[in-house]
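Close look at the chain arrangement
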Amino acid sequence: MKNPESVVAETLLRIREKSPLVLALTNSVVQPITANLLLAAGAAPVMLDDAEECVELINTCGSALLVNLGTLSRSQAETMRAAVRAANARGVPWVLDPVAVGLLSFRTGFAQELLSQKPSVIRGNAAEILALAGYDAKPRGPESTCGSDSAVVAGKELAIRTGAVVLVTGEIDYVTDGVGVAAFANGHEMMTRVTGVGCSMGALTAACVSVADCPFCGAAASAGIMGVAGEIAFEKSEAPGTFAVKLLDAFYEMTPEILRSRLKSV
Amino acid sequence: MKNPESVVAETLLRIREKSPLVLALTNSVVQPITANLLLAAGAAPVMLDDAEECVELINTCGSALLVNLGTLSRSQAETMRAAVRAANARGVPWVLDPVAVGLLSFRTGFAQELLSQKPSVIRGNAAEILALAGYDAKPRGPESTCGSDSAVVAGKELAIRTGAVVLVTGEIDYVTDGVGVAAFANGHEMMTRVTGVGCSMGALTAACVSVADCPFCGAAASAGIMGVAGEIAFEKSEAPGTFAVKLLDAFYEMTPEILRSRLKSV
Amino acid sequence: MKNPESVVAETLLRIREKSPLVLALTNSVVQPITANLLLAAGAAPVMLDDAEECVELINTCGSALLVNLGTLSRSQAETMRAAVRAANARGVPWVLDPVAVGLLSFRTGFAQELLSQKPSVIRGNAAEILALAGYDAKPRGPESTCGSDSAVVAGKELAIRTGAVVLVTGEIDYVTDGVGVAAFANGHEMMTRVTGVGCSMGALTAACVSVADCPFCGAAASAGIMGVAGEIAFEKSEAPGTFAVKLLDAFYEMTPEILRSRLKSV
């Protein structure tokens, strides 16, 4: 990725232009912020419960799929299996967000099963990526993190094993396909004090990948856009209620120029 | 409806006075905004999962019922069937919001089934009303729209066929019982950039119908109140995060005088 | 409780320091505000659907459990039973929030069953506490209230019968273990115009109880912190959309000094 600023800016423009339809199979806590963040960015969110309807949507008009394991149930796992099969059959990119994997057995087993189903991107915090890659990480909950740099090696291994691009989010966001690594130092710690910001980033990644030249570019773009929006929101408010509102505003008001001037590619 | 301004203003006052209890069987994405919008308007929202509890609520204290198909599941369809039967048995008005009908088979079949169950009002965007009426519309997702004027004829046909009042929402909101048509040119495009504004309008319609002299009056009132609130919110903020917050504020601060001065009946 | 101000202030500091992990099994409407309020206060929210995962979480790292019956389903009742058993087996405190008990039969029976399972705290409005204690209260919906003072005697009886501390919320919040009573006159009526403020208070109570010296202290602390935060939020905004945002900000910006200066122990 020669010029990260251009990739990120170009991806934003494409989302605005194409308004990709993202089927977000996500946890019940973050559905509102996920849908609102996709809308603010210019994408078109769809959330469904029924497996047949998910397959039908992917087969007719779906641009991308998000699979987020936050409040996984047995029946939702079946829906996700069906949606992933449909996405793969039609070449629709899909993103795995393995929330709290390594902490709870059911989702850990299901996430391992999904790793063989060719996700385009895997997005997680350091503890989740370490756990998926087989390291003995002990995540404490969906909001807890160790430093994202601690999971770069694990991310590379996971990328090589699965063929997915791995996006490790944290103070610095790392994107790797197992060979190259892109990193962005944008964002703010306040993003971890609002529920669903990380999960929404998984949905944004799905939108970006559906319009970008490659999954690596899409994952990098989502990290860049989210990080810059988070910084702008924190400049508007240092408390989490108002911050969450301003974050949506920042997505809506984002421009390629803002991205180019603020992006900290490291 | 001789004087639309009076009908809309009077309906707001009645909601404030009677605080109708609205059982909102709605999709999981929009539950928070739906409940908050009803509370801000002066109504009392209730959301339940269990079919027996829904029937019991309708039989004891329910003023109105909303049936929104956004994240329809097989078990939710059973709950909705039971709730609709109970509502009809007791003369409790109910509103059908057939989200994304025409796009997905399961909900399309279920919506057609519900059409025979005498909804008081059917609220949808143009694509949804066209699809329900049997036209070959191709909606792309819950947020997408074609011009609402394109569905007025279909709305009239649907009203005549079902006995329901049809509310077609869009740049102009149309209300029809198959004979007369009322139309309001209020609202703002930003309302489509916040998830759940349309779905909340379905719940507001249920509240309005429960206190109005007739379903036509109630549907017109909900269109008028929502449109004026949307305009006020947009004057306070042109970005969707803040806009959504100001929309709730506008409902709470709405008065008959504001409605009378701003309503654009066309 | 000799010095209520010190207990409330100290509990806030402990939440910030220990960041207790609260498993909130709560209704689908209030999940976002509940998670955000816990995060803003300094606690770590977790929401799960699967019973085995709930048990596993409690067995490994759960600090407290909330059981809120707002959108109770048959399968969720099973999950709650399993979670409560696990919590009791490990000495993890749990809070029962019996939303709309007395109004609907299924949840009323389930709440009575749970009363024998040794909840640490029962939080409800006056109508709910009266119904649980066997009085013939007729609550109209989750947001409706009669005066909280009308339920103090019932709360004492319920506390003696169950061994739980009872927190009756309303214009005045009462905490009782059946013998002593603490009362706080903070808060504002606007808190009833935002969906999930009461339910979030149940989750906050769970967080407080997990770090306090006793359930009575924890329940008192949650009433005090919530009431003061509500007053601050209302000073920032008198309309419910903005009020809800400012409420989260107030939790984040709360200090022991603010609590000591504003707490109205009566």
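Residues numbered from 1 in each chain as written. Chains lettered and ligands numbered in written order. Predicted model: local features only at pLDDT ≥ 70, side-chain atom pairs only at ≥ 80, totals over all residues. Heavy atoms only, no water.

1. Considering the interface of chain C and chain B
Frequently, the measure chosen for interface size is the accessible area that the parts lose on association. Residue-level contacts link 28 residues of chain C with 29 residues of chain B. Buried area between chain C and chain B, both sides added, is near 2200 Å², and the carbon and sulfur share of it is 55%. Along the contact surface separating chain C from chain B lie three salt bridges. Between B:Glu52 and C:Arg74 there is a salt bridge, with its nearest N and O atoms 3.5 Å apart. Taken together, chain C and chain B are joined by ten residue pairs in polar contact (both at pLDDT 80 or more). Secondary-structure elements contributing two or more residues to the side of chain C that touches chain B are helix 5 (105-115) and helix 10 (240-253) of chain C. Looking at the side of chain C that touches chain B element by element, the count peaks at four residues for helix 10 of chain C. (Contact = heavy atoms within 4.5 Å. Buried area = accessible area lost by both parts, 1.4 Å probe. Salt bridge = Lys/Arg side-chain N within 4 Å of Asp/Glu carboxyl O. Polar contact = N/O pair within 3.5 Å; in protein donor to acceptor, adjacent residues only side chain to side chain. Helix = DSSP H or I, 4+ residues; strand = E, 2+ residues; numbered from the N terminus.)

2. Comments concerning the relation of the copies chain A and chain B
With an RMSD of 0.0 Å, chain A superimposes on chain B once it is rotated by 120° and translated 0.0 Å along the axis. As the rotation angle and translation indicate, the two copies are arranged about a three-fold axis. Within chain A, the C-alpha atom positioned nearest to the axis of rotation is that of A:Ser28, 4.1 Å from it. A low fraction, 7%, of the interface residues of chain A reappear at the interface in chain B, so the copies pair through non-equivalent surfaces. (Least-squares fit on C-alpha atoms with pLDDT ≥ 70 in both.)

3. Thoughts on the packing of aromatic side chains
Overall, the coordinates contain zero aromatic pairs over all chains when judged by the stated rule. Sitting above the plane of the A:Phe106 ring, A:Arg74 keeps its charged end 3.8 Å from the centroid. (Phe/Tyr/Trp six-rings, centres within 6.5 Å; stacked < 30°, edge-to-face > 60°. Lys NZ or Arg CZ within 6 Å of the ring centre and 35° of its normal.)

4. Concerning the relation of the copies chain C and chain B
The relation between the two copies of this chain is a rotation about an axis and a shift parallel to it. Rotating chain C by 120° and translating it 0.0 Å along the rotation axis places it on chain B, where the RMSD comes to 0.0 Å. Mapped onto chain B, only 7% of the interface residues of chain C again fall at the interface, so the copies present different surfaces.

5. Section: helix 4 (residues 74-90) of chain C
Residue and element names in this part refer to chain C. Between its first and last C-alpha atoms helix 4 spans 25 Å; for 17 residues at 1.5 Å apiece the expected length is 24 Å, and the two agree. Of the positions making up helix 4, those classed as buried are Gln76, Ala77, Thr79, Met80, Ala82, Ala83, Val84, Ala86 and Ala87. Buried-residue contacts for helix 4 involve strand 1 (21-25), helix 3 (51-60), strand 3 (64-68), strand 4 (94-97) and helix 5. (Expected span 1.5 Å × (residues − 1). Buried < 20%, exposed > 50% of the residue type's maximum accessible area, 1.4 Å probe, protein only.)

6. A short note on the side chain of C:Asn36
Inspection of the secondary structure assignment puts C:Asn36 in helix 2 (residues 31-41). With relative accessibility at 15%, the residue C:Asn36 sits in the buried group. There is a polar contact of 2.7 Å between the side chain of C:Asn36 and the backbone nitrogen of A:Thr195. Leaving out residues up to four positions away in the same chain, C:Asn36 has contacts with A:Arg193, A:Val194, A:Thr195 and C:Leu248.

7. Here's the deal with the sheet that holds strand 6 (residues 165-169) of chain C
All names here are of chain C. The strand order 2-1-3-4-5-6-7-8 describes an open sheet built from eight strands, whose pairing is mixed. On the outer flanks of this sheet lie strand 2 (44-46) and strand 8 (181-184), each paired with one strand and no other. Adjacent strand axes in the sheet meet at a mean angle of 20° when their direction is disregarded. Note: strand 4 against strand 5 (residues 121-125), two bridges, orientation parallel. (Pairing = 2+ DSSP bridges. Axes fitted to C-alpha atoms, helices over the stretch in contact; angles between N-to-C directions.)

8. Details of the pairing of strand 4 of chain C
Residue and element names in this part refer to chain C. Side chains Trp94 and Leu96 project from strand 4 onto one buried face, and the interleaved Val95 and Asp97 project onto a second face that is buried too. At this point the chain moves from strand 3, through helix 4, to the parallel strand 4, and the crossover so formed is right-handed. Read as a crossover between parallel neighbours, the route from strand 4 over helix 5 to strand 5 is right-handed. (Right-handed = clockwise from strand over helix to strand, strands pointing away.)

9. Details of the pattern of salt bridges
All names here are of chain A. According to the stated counting rule, one finds 33 salt bridges over all chains in the structure shown. Where Asp213 meets Arg14, a salt bridge forms, and the shortest distance between an N and an O atom there is 3.0 Å. Taken together, the residues span a long stretch of sequence, with Asp213 in the loop between helix 8 (197-211) and helix 9 (215-236) and Arg14 in helix 1 (residues 4-18) at a distance of 199 residues. A relative accessible area of 18% places Arg14 in the buried class. Ionic pairing is found between Asp97 and Arg123, a salt bridge with its closest N-O pair at 3.0 Å. Taken as a pair, Asp97 in strand 4 (residues 94-97) and Arg123 in strand 5 (residues 121-125) lie far apart in primary sequence, 26 residues in all. Assigned by exposure class, Asp97 and Arg123 land together as buried. Linked through salt bridges whose partners overlap, the residues forming this network are Glu231, Glu235, Arg262 and Lys264.

10. Looking at the environment of A:Thr205
Residue and element names in this part refer to chain A. Summarising the element assignment, Thr205 is placed in helix 8. The class for Thr205 is buried, based on a relative accessible area of 0%. In this structure the C-alpha to C-alpha distance between Thr205 and Thr60, which are 145 residues apart in sequence, comes to 21 Å. Among all residues touching Thr205, those that are not within four sequence positions of it are Val95, Val121, Leu167, Ala219 and Ser222. Within the structure, Thr205 has its side chain in polar contact with the side chain of Ser222 (distance 2.8 Å).

11. A closer look at the interface of chain A and chain B
Contacts between the two partners involve 29 residues from chain A, matched on the other side by 28 residues from chain B. Overall, the association of chain A and chain B removes approximately 2200 Å² of surface from exposure, summing both partners, and the carbon and sulfur fraction of that is 55%. In this assembly, chain A and chain B are joined by three salt bridges. Across the salt bridge formed by A:Glu53 and B:Arg107, the nearest N and O atoms sit 2.6 Å from each other. In this structure, the connection of chain A to chain B is made through ten residue pairs in polar contact (both at pLDDT 80 or more).

12. Comments concerning unusual backbone geometry
Glycine aside, residues mostly have negative phi, and peptide bonds are mostly found in the trans state. Residues and elements named next belong to chain B. Positioned with a positive phi, Ala100 is a non-glycine residue whose angle comes to about 60°. Non-glycine residue Lys118 carries a positive phi angle of around 55°. Of note, Lys118 is situated in the loop between helix 5 (105-115) and strand 5 (121-125).

13. Re the environment of C:Ser28
Position of C:Ser28 among the secondary structure elements: in the loop between strand 1 and helix 2. With relative accessibility at 26%, the residue C:Ser28 sits in the partly exposed group. Distance in space between the C-alpha atoms of C:Ser28 and C:Asp149 is 30 Å, their sequence separation being 121 residues. Non-local contacts of C:Ser28, meaning those with residues more than four positions away in its chain, are made with B:Gln31 and C:Thr71. A polar contact of 2.7 Å, which involves the side chain of C:Ser28, links it to the side chain of B:Gln31.

14. Focus: the confidence of the model for chain A
Overall, the predicted model of chain A reaches an average pLDDT of 96, with 97% of residues at or above 70. Interface confidence for the predicted complex, expressed as ipTM, amounts to 0.96; the pTM equals 0.97. (pLDDT = per-residue confidence, 0-100.)

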